[in-house]
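Each chain, written out:
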Amino acid sequence: PGTWSEVADGQYHVLGLKTNGTLWAWGYRSMGALGINNQVDRSSPVQVGTDTTWSTIASASYCSAAIKTDGTLWTWGRNNYGALGHNTAVPVGNVSSPMQVGTDTTWSAIALAEDGATNNSYALKTDNTLWAWGYNDLGNLGQNQSTPGYSSPVQIPGTNWTSIRTEARGGIMAIKSL
């Protein structure tokens, strides 16, 4: 039931969102990125849980993220340098099924950047603030310093951010309205 409304292609796996709000995954099972709580490759789509309230998705090489219609943010997969945002020690292991990031219900967009050991996550909130977490070796989280990593979301200064997307080699592009 339902047709595909969104697809997020990671390097080794794919997430698909259907119009009925269900979340699907397939590809290489490495580090829990499929979100189906096991370590089996999938050559065809498998539903992630039974929830029907997913609204947007993102995928990187070894991790995945999704936002539900209630504005909560969920991540899973490889957690290098806290890139999943679960406030766990840096670096730490993998999460093989969706796990909520904090308790906020105001997330509106998510973008993941992953290149080798670098893992970064970026998200917009409904108030147009931009947040980041994960590896920060070159200051790529916008905090005006290069602390190795943040395992929980930290706000990038400013407001009026309107969209985000990741670029090749772990970069991020964010657009701000004037």
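Figured I'd write up the structure that's included with this text. (Residues numbered from 1 in each chain as written. Predicted model: local features only at pLDDT ≥ 70, side-chain atom pairs only at ≥ 80, totals over all residues. Heavy atoms only, no water.)

1. Some thoughts on the overall build of the chain
Secondary structure summary: the chain contains 0 helices and 14 strands in total. Each helix and strand of the chain, ordered N terminal to C terminal, gives the series β-β-β-β-β-β-β-β-β-β-β-β-β-β. When the 178 residues of the chain are sorted by exposure, 46% land in the buried category. Across the chain, every contact between residues at least 6 apart in sequence was considered, and the portion connecting residues at least 24 apart equals 42%. (Helix = DSSP H or I, 4+ residues; strand = E, 2+ residues; numbered from the N terminus. Buried < 20%, exposed > 50% of the residue type's maximum accessible area, 1.4 Å probe, protein only. Contact = heavy atoms within 4.5 Å.)

2. Considerations on the side chain of His13
Of note, His13 is situated in strand S2 (residues 13-18). What His13 contacts, discounting residues up to four positions off in sequence, is Ala8, Trp26, Gly27, Tyr28, Ala33, Leu34, Ser59, Ala60, Ser61, Cys63 and Ser64.

3. Some details on the nonpolar core
With 40 residues, the main nonpolar core has Leu23, Leu73, Ile110 and Trp133 as its most contacted residues. Top element by residues in this core is strand S9 (residues 107-115). It accounts for 5 residues. Residues in contact with Leu23, not counting those within four places in the same chain, are Leu15, Gly16, Val46, Gln47, Val48, Trp54, Ile57, Ala66 and Trp76. (Core = buried A, V, L, I, M, F, W, Y, C linked by side-chain atoms within 4.5 Å.)

4. Comments concerning the sheet that holds strand S6 (residues 63-68)
Taken in spatial order, the 4 strands make up an open sheet running S5-S6-S7-S8, and their pairing is antiparallel. The sheet terminates laterally at strand S5 (54-59) and strand S8 (94-100), the two strands that pair on one side only. When the angles between neighbouring strand axes are averaged without regard to direction, this sheet yields 10°. (Pairing = 2+ DSSP bridges. Axes fitted to C-alpha atoms, helices over the stretch in contact; angles between N-to-C directions.)

5. A word on the pairing of strand S1 (residues 4-9)
Residues in a regular strand point their side chains to alternate faces of the sheet. Pairing between S1 and S2: 5 bridges, direction antiparallel. Bridge pairing in S2 places Glu6 opposite Leu17. What sits between S1 and S2 in their antiparallel hairpin is a turn of 3 residues.

6. Topic: unusual backbone geometry
If you check the backbone angles, Asn87 has positive phi at about 60° while not being a glycine. Inspection of the secondary structure assignment puts Asn87 in the loop between strand S7 (73-78) and S8. Positive phi is not limited to glycine here, since Asn128 has a value of about 65°. Summarising the element assignment, Asn128 is placed in the loop between strand S10 (118-125) and strand S11 (130-135).

7. What to know about the pairing of S6
Burial analysis of S6 places 6 of its 6 residues in the buried class, which makes it a mostly covered element. Residues of S6 alternate between two faces, with Cys63, Ala65 and Ile67 on one and Ser64, Ala66 and Lys68 on the opposite face, all of them buried. Here S6 runs beside S7; their pairing, made up of 5 bridges, is antiparallel. In the strand pairing of S7, Ile67 is matched with Leu73.

8. Description of the pattern of salt bridges
One pass over the structure, following the stated rule, counts 2 salt bridges. Put simply, Lys68 and Asp51 hold a salt bridge, and the shortest N to O gap is 2.4 Å. Here Lys68 is found in strand S6, whereas its partner Asp51 is found in the loop between strand S4 (42-47) and S5, with 17 residues between them in sequence. On the accessibility criterion, Lys68 (13% relative accessible area) is buried. (Salt bridge = Lys/Arg side-chain N within 4 Å of Asp/Glu carboxyl O.)

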